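Report on the structure
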Amino acid sequence: MGFFDGLLGSRTADFDSGSAATNSIELTKRHNQVSLTKQGAATGHLRVNLSWRMRTSDIGGSQRESLLRHPFKALKPPEVMGHSQSMVNVDLDLACLYELTDGTKGVVQPLGNYFGDVNAPPYVKLSGDDRFGSASGETMYVNLDHRDDIKRLLVFVYIYDQTPAFDRTHAIVTLYPSNGPRIEIHLDERHPQARSCAVVMIENVKGELVVRREVKFVYGFQAELDRLYGWGLQWGRGYKSKVEK
């Protein structure tokens, strides 16, 4: 198992997930930001979800032959097929670099068990670590009732696996504000050698909470994202504990 960047304790908290909106906003290169404040969505808990599946073009030939013998299998949604453990052999992790207005900086991520806290600094909490690409994916919560304490949050995704595989997955990061439409960012650019991707920046700009699409793929891990965005943290090698069976 390869090594990854981890910082040189975590408390639990109860929180609600807000209400899922029926419509959505997709952030693209052309339309790359939205104001939560202007939408009246800068309060409550912002839910950030990462989900992924294998690209349908990467389904093996044996499965295509199986569809010829059993045509009704074609009715099964590709998302369901993609979430089968036998196909998903990449571990995508959802994480967040944070900077508070008092100058405090750090990271919330599964690696090192830095799961954060939603009711105390950094006001960001990761609900858990999905290692198999389940349908629910990974979820992070941001307490926007403390938006005045938050300067900027960089939500990113990295691959906990020795083999880069962003080119074989279709990942989506979705933000669910407490009010208004959900916000979707698709990681559908082909970067076969990339190991990490800065997905979205949530920034307090003169009292206005702005969500901006980044989608910048890098070949390293957290330390490279840190340098790219000027966080200034110290990083070292980190590992995950083995999965309990």
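The following refers to the structure shown. (Residues numbered from 1 in each chain as written. Predicted model: local features only at pLDDT ≥ 70, side-chain atom pairs only at ≥ 80, totals over all residues. Heavy atoms only, no water.)

What to know about the overall build of the protein
When helices and strands are counted, the protein shows 3 helices and 15 strands. Per-residue burial for the protein yields a buried fraction of 51% across its 245 residues. When the accessible surface of the protein is summed, it comes to about 12200 Å², and 48% of that surface belongs to carbon and sulfur atoms. (Helix = DSSP H or I, 4+ residues; strand = E, 2+ residues; numbered from the N terminus. Buried < 20%, exposed > 50% of the residue type's maximum accessible area, 1.4 Å probe, protein only. Areas by Shrake-Rupley, 256 points an atom, 1.4 Å probe, with all protein chains shown as cover.)

Describing the pairing of strand β13 (residues 196-205)
Burial within β13 is extensive, with 7 of its 10 residues counted as buried. The turn joining β13 and strand β14 (residues 208-218), which pair antiparallel and follow one another in sequence, is formed by 2 residues; a positive phi near 55 degrees is taken by K206. (Pairing = 2+ DSSP bridges.)

Observations concerning unusual backbone geometry
In this structure, P122 follows P121 across a cis peptide bond, with omega equal to 15 degrees. With respect to the secondary-structure elements, P122 resides in the loop between β7 (116-117) and β8 (124-126). Unlike most non-glycine residues, K206 shows phi in positive territory, near 55 degrees. With respect to the helices and strands, K206 occurs in the loop between β13 and β14. Unusually for a residue other than glycine, V215 sits at a positive phi of about 45 degrees. Relative accessible area serves as the criterion here: at 7%, V215 is assigned to the buried category.

Focus on the pattern of salt bridges
One pass over the full model with this rule turns up 9 salt bridges. The partner of R212 in a salt bridge is E214, and the shortest N-O contact between them spans 2.9 Å. Of the residues examined, R212 reaches a relative accessible area of 23% and is grouped as partly exposed. Through salt bridges that share partners, E203, R212, E214 and K216 make up one connected network. (Salt bridge = Lys/Arg side-chain N within 4 Å of Asp/Glu carboxyl O.)

Notes on the environment of D167
If you trace the backbone, D167 turns up in the loop between β10 (150-159) and β11 (169-176). Between the C-alpha atoms of D167 and Q193, which are 26 residues apart in sequence, the distance is 8.1 Å.

Comments concerning the nonpolar core
If you look at the biggest cluster of nonpolar residues, it comprises 45 residues, and the most contacted ones within it are L36, L92, V157, L175, I185 and L187. Look past the residues within four positions of L175 in its chain and what remains in contact with it is L46, R47, V48, R182, I183, I185, V200, I202 and V211. Core analysis: the next-biggest nonpolar cluster, separate from the first, contains 17 residues, L97, V107, V218 and W235 among them. (Core = buried A, V, L, I, M, F, W, Y, C linked by side-chain atoms within 4.5 Å. Contact = heavy atoms within 4.5 Å.)

A short note on the sheet that holds β10
Strand-to-strand pairing in sheets goes through backbone hydrogen bonds, with the strands running parallel or antiparallel. Here we have 6 strands laid out as an open sheet, ordered β3-β14-β13-β10-β5-β6, and antiparallel in their pairing. Across the chains shown, the open sheet's two edge strands, defined by having one partner strand only, are β3 (33-35) and β6 (105-108). Between one strand and the next, the sheet's axes are offset by a mean angle of 20 degrees, whatever the strand orientation. (Axes fitted to C-alpha atoms, helices over the stretch in contact; angles between N-to-C directions.)

Things to note about helix α3 (residues 222-229)
Every buried residue belonging to α3 is among Q222, A223, L225, D226 and Y229, and all of these are buried. Taken around the axis of α3, the buried residues stretch over an arc of 160 degrees, which confines them to a single face. (Arc of directions from axis to C-beta.)

Some remarks on the environment of D91
With respect to the helices, strands and loops of the structure, D91 is situated in the loop between α2 (78-82) and β5 (92-100). Considered as a pair, D91 and A165 are 74 residues apart in the sequence and their alpha carbons are 9.3 Å apart.

So, the packing of aromatic side chains
In this structure the tally under the stated criterion is 2 aromatic pairs. Seen in terms of ring centroids, F166 and F217 are 5.2 Å apart; in terms of plane orientation they differ by 80 degrees. Their pairing is edge-to-face. Here F217 lies in strand β14 and F166 lies in the loop between β10 and β11, a separation of 51 residues in the sequence. No difference in accessibility class separates F166 from F217, as the two residues are buried. A cation over a ring is seen here: R152 above W231, with NZ or CZ 3.7 Å from the ring centre. (Phe/Tyr/Trp six-rings, centres within 6.5 Å; stacked < 30°, edge-to-face > 60°. Lys NZ or Arg CZ within 6 Å of the ring centre and 35° of its normal.)

A few points about the side chain of N143
Structurally, the position occupied by N143 is in strand β9 (residues 138-143). Among the polar contacts listed, one links the side chain of N143 to the backbone nitrogen of D145, at a separation of 3.1 Å. Residue contacts for N143: discarding those within four places in its chain leaves G44, H45, V118, N119, Y123 and I150. (Polar contact = N/O pair within 3.5 Å; in protein donor to acceptor, adjacent residues only side chain to side chain.)

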